[in-house]
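# Residue-level structural notes
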Amino acid sequence: MPSNLTPLGALPFRFRRERILIVGCGDVGLRAARQLPRNARLLALTSSAARVPELRASRITPLQGNLDDGASLRRLAGLATRVLHLAPPPNDKPDWRCDPRTLALLRALRLRSLPRSLVYASTSGVYGDCGGEWVRETRPLNPHTPRAQRRVHAETHLRLFGRATGARVHLLRIPGIYAPDRDGGTPRGRLLKGTPVLRAEDDVYTNHIHADDLARACLAALWRGKPQRASNASDDTELKMGDYFDLAAGLYGLPRPPRLARDTAQDELPLMLLSFMSESRRLDNTRLKKELRVQLHYPTVAQGLVAG
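Residues numbered from 1 in each chain as written. Predicted model: local features only at pLDDT ≥ 70, side-chain atom pairs only at ≥ 80, totals over all residues. Heavy atoms only, no water.

## So, the overall build of the chain
Looking only at helices and strands, one finds twelve helices and 15 strands in the chain. A compact globule built from 308 residues would reach a C-alpha radius of gyration of about 19 Å, and the chain, at 20 Å, matches this within 12%. Its C-alpha atoms give the chain principal-axis dimensions of about 70 × 40 × 40 Å. Pairs at least 24 residues apart make up 76% of the contacts formed inside the chain by residues separated by at least 6 positions. Roughly 14600 Å² of accessible area belongs to the chain as shown, and the carbon and sulfur atoms make up 50% of that amount. In the chain, which carries 49 positive and 30 negative side-chain charges, the distance between the mean positions of the two groups comes to 12 Å. (Helix = DSSP H or I, 4+ residues; strand = E, 2+ residues; numbered from the N terminus. Rg over C-alpha atoms; globule rule 2.2 N^0.38 Å. Contact = heavy atoms within 4.5 Å. Areas by Shrake-Rupley, 256 points an atom, 1.4 Å probe, with all protein chains shown as cover. Lys, Arg positive; Asp, Glu negative; His and termini not counted. Charge placed at Lys NZ, Arg CZ, Asp CG, Glu CD.)

This is the structure in structure tokens:
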């Protein structure tokens, strides 16, 4: 068949190759960009003119716009064949249960031709406290914090968008992200401060993923994620929070953190940290490894921290 009769043959080359839009192109977005083939056209939404040189240096075309200003997003319509949505919800809106940024993005994407796939970086906090049980993606959501409730709101509307438009939406539920070359990406700073952890009998299970492995998971989901499905993006580590910090202290040659009883921790620890200490779960990552076929380069935090 002549090329001009094929579905893509009559289009300019720039419209025949993959066009990947990264929304919220911070550390993980840049890592994902570095792993993409050079023949892909990379785009990133940014609200900061100061970031334009950095994005261009990473062979990413910057598109200036702001998720808090829906009118500035109209230029995104029809641009991308695949969208990686890494932007968090705002924390300062009157309705703390909603994510207006995701709604604004979806409205813009509906205006013209739709992306084939969209991957959203959610949080494992949508499951709430599971009492240390193993958690699969089919577990009912039970968010306990405003932060997690906003993510559930975003997940719900993304699934509706996928069902209504036929775009393949895949959700990644992400725990703590670490990497030695990531700003604040290791527990070293907290260990140097001597921040306490809970005593063994009060401690909670915690989950982690290396930033490079998360970037690989994002790209795998863009191409292999099943529509309107979720995957737990977690490594194989099975540690309670205090044991994690004890492990890190040993690797860094630092003192282990002091241990506190839960009933005294609320007087000594900030509210954000206490919220993490109130939820215990172990993420089952079978779907990540089998369905998305993500090979974890750092299957445990010990390997990832040592490698750094």
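Back to the text.
## Here we look at the pattern of salt bridges
The final tally for this structure, using the stated rule, is 23 salt bridges. The salt bridge partner of Asp284 is Arg136, with a shortest N-O separation of 3.8 Å. Residue Asp284 is found in the loop between strand 15 (282–283) and helix 11 (286–290), and its partner Arg136 is found in the loop between strand 6 (134–135) and helix 5 (146–165); the two are separated by 148 residues along the sequence. When its relative accessible area of 17% is taken as the criterion, Asp284 is described as buried. (Salt bridge = Lys/Arg side-chain N within 4 Å of Asp/Glu carboxyl O. Buried < 20%, exposed > 50% of the residue type's maximum accessible area, 1.4 Å probe, protein only.)

## Points about the sheet that holds strand 5 (residues 117–123)
Taken in spatial order, the seven strands line up as 3-2-1-4-5-7-12 in an open sheet, and their pairing is parallel. What marks the edges here is a single partner per strand, and that holds for strand 3 (60–64) and strand 12 (229–232). Going across the sheet, the axis of each strand differs from the next one's by a mean of 20°, ignoring polarity. Alignment of strand 7 (residues 168–174) against strand 12, held across four bridges, turns out to be parallel. Bridge pairing in strand 12 links Leu171 to Ala230. (Pairing = 2+ DSSP bridges. Axes fitted to C-alpha atoms, helices over the stretch in contact; angles between N-to-C directions.)

## Some points on the nonpolar core
Counting 33 residues, the largest nonpolar core has Ile60 and Leu172 as its most contacted members. Of all the secondary-structure elements, those providing two or more residues to this core are strand 1 (19–23), helix 2 (27–35), strand 2 (41–46), strand 5, strand 7 and helix 7 (211–224). In terms of residues, this core owes the most to one element, helix 7, which gives eight residues. (Core = buried A, V, L, I, M, F, W, Y, C linked by side-chain atoms within 4.5 Å.)

## Concerning the packing of helix 4 (residues 100–109) against helix 5
In contact at an axis separation of 10 Å, helix 4 and helix 5 are set at 15° when each is read in the N-to-C sense. Here helix 4 lies roughly parallel to helix 5, going by the angle between them. The crossing of helix 4 and helix 5 is right-handed. Of the residues in helix 5, those touching helix 4 at Thr102, Leu103, Leu106 and Leu109 are His153, Ala154, His157, Leu158 and Phe161. Taken together, the residues of the contact of helix 4 with helix 5 sort by class into six nonpolar, three polar and no charged. (Parallel < 35°, antiparallel > 145°, perpendicular 65-115°, else oblique. Left-handed = near helix turned anticlockwise from the far one by under 90°. Nonpolar A, V, L, I, M, F, W, Y, C, P; charged D, E, K, R; others polar.)

## Digging into the environment of Asp27
For Asp27, the position within the fold is in helix 2. Counting along the chain gives 154 residues from Asp27 to Asp181, while the straight-line C-alpha distance between them is 9.7 Å. Within the structure, Asp27 has its side chain in polar contact with the side chain of Arg31 (distance 2.9 Å). (Polar contact = N/O pair within 3.5 Å; in protein donor to acceptor, adjacent residues only side chain to side chain.)

## Describing a nonpolar patch on the surface
On the surface, a cluster of nonpolar side chains totalling about 230 Å² of accessible area is made up of Leu247, Leu251 and Val306. For Val306, the position within the fold is in helix 12 (residues 301–307). (Patch = residues over 30% accessible without salt bridge, like charges linked within 9 Å, V, L, I, M, F, W, Y side chains within 5 Å.)

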